[in-house]
Amino acid sequence: MATRINSDSSRKSASDPTRITNRSISLRLLGPCSNPDTMDDVTDLTGDGGVIKKIITRAKADALAPSVDLPMVDVHYEGTLAETGEVFDTTREDNSIFSFELGKGTVIQAWDVALRTMKVGEVAKITCKPEYAYGAAGSPPDIPPNATLIFEVELLSCRPRKGSSLGSASEERARLDELKKQREVAAAVKEEEKKKREEAKAAAAARIQAKLDAKKGQGKGKGKGK
């Protein structure tokens, strides 16, 4: 749908926009950025406003976090253009999972910066300025030049790097299928809870309306008696 942008921003090849970078980077996995400017749950991860992270759902205190030993991450995300709110990429439609290794330059720089500050179970809104996303070139046709991007990202898991043998590939597919099933079950539970809340709300409204109707009926009866 979009393009891989080389360092000269002129040579391109097909790739997914959330999974590429517009500059050559090699980030070391050191854990959270040092001395970030923080206000409540909003953090300027780069110190220049280039990558802003807002925590939507906090992870458990003892949750795992990406590290040198756990560089592989699985995420669920949706990306929108800050200017228009238009969704340009999402895993929500098919409940898919995107996996990649941090620090290898296979995603935009903002993701390499932000994901290493997250914990498993955390959901965060990540605002990425063009310098940390696709820059002046953009990623046509979905991402225009100099576009600020907003991602809502959920870190599902982090794990050690694995080999590429057939056995490990099969295990990886099984693991991802299991993660997908777990998400589907969780989504179904949330939907059922939402349905019950709506039914309870409707029932309460019906009871209130019934009482109001009953009072109106009593008032009319008294008026006729007089």
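What counts, and where the lines are drawn
Residues numbered from 1 in each chain as written. Predicted model: local features only at pLDDT ≥ 70, side-chain atom pairs only at ≥ 80, totals over all residues. Heavy atoms only, no water. Helix = DSSP H or I, 4+ residues; strand = E, 2+ residues; numbered from the N terminus. Buried < 20%, exposed > 50% of the residue type's maximum accessible area, 1.4 Å probe, protein only. Contact = heavy atoms within 4.5 Å. Areas by Shrake-Rupley, 256 points an atom, 1.4 Å probe, with all protein chains shown as cover. Phe/Tyr/Trp six-rings, centres within 6.5 Å; stacked < 30°, edge-to-face > 60°. Salt bridge = Lys/Arg side-chain N within 4 Å of Asp/Glu carboxyl O.

Caption draft 1: Spotlight on the overall build of the chain. A tally of regular secondary structure across the chain gives 2 helices and 10 strands. Secondary structure elements of the chain occur, N-terminal to C-terminal, as β-β-β-β-β-β-β-β-α-β-β-α. Buried positions account for 38% of the 226 residues belonging to the chain. Contacts in the chain between residues at least 24 apart in sequence constitute 68% of all its contacts with a sequence separation of at least 6. With an accessible surface of roughly 13500 Å², the chain has 52% of that area assigned to carbon and sulfur atoms.

Caption draft 2: Structural context of the environment of Leu70. Note on placement: Leu70 falls in the loop between β5 (51-57) and β6 (72-81). Placed 90 residues apart in sequence, Leu70 and Pro160 show a C-alpha to C-alpha distance of 4.4 Å. Non-local contacts of Leu70, meaning those with residues more than four positions away in its chain, are made with Leu64, Ala65, Cys158, Arg159 and Pro160.

Caption draft 3: Representation of the packing of aromatic side chains within the structure. Following the criterion strictly, the structure yields 8 aromatic pairs and no others. On the basis of an interplanar angle of 40° and a centroid distance of 5.9 Å, the ring pair of Phe100 and Trp111 is categorised as tilted. Here the residue Phe100 occupies a position in strand β8 (residues 98-101), and Trp111 occupies one in helix α1 (residues 109-115), the gap between them amounting to 11 residues. A relative accessible area of 0% means that Trp111 is categorised as buried. Considering the side-chain rings of Trp111 and Phe151, the 5.2 Å spacing of their centres and the 80° angle between planes classify their relative orientation as edge-to-face. Note that Trp111 is positioned in helix α1 and Phe151 in strand β10 (residues 149-159), a separation of 40 residues in sequence. Overall, Phe151 belongs to the buried group, its relative accessible area being 0%. One aromatic cluster is present, built from ring pairs that chain together Tyr77, Phe88, Phe98, Phe100, Trp111 and Phe151.

Caption draft 4: Seen up close, the pattern of salt bridges. For the structure shown, the criterion picks out 6 salt bridges. Across the salt bridge formed by Glu78 and Arg92, the nearest N and O atoms sit 3.2 Å from each other. With a gap of 14 residues between them, Glu78 in strand β6 and Arg92 in the loop between β7 (87-90) and β8 connect regions that are remote in the sequence. In this structure Arg92 comes out as partly exposed when scored by relative accessible area, which is 38%. We note a salt bridge from Glu101 to Arg161, for which the minimum N-O separation is 2.5 Å. Within this pair, whereas Glu101 is found in strand β8, its partner Arg161 is found in the loop between β10 and α2 (166-225), the two being separated by 60 residues in sequence. Accessibility expressed as a relative area gives 14% for Glu101, which makes it buried. When salt bridges that share partners are traced, they join Glu78, Arg92 and Glu152 into one network.

Take it as geometry only, folks, not as evidence of what the structure does.
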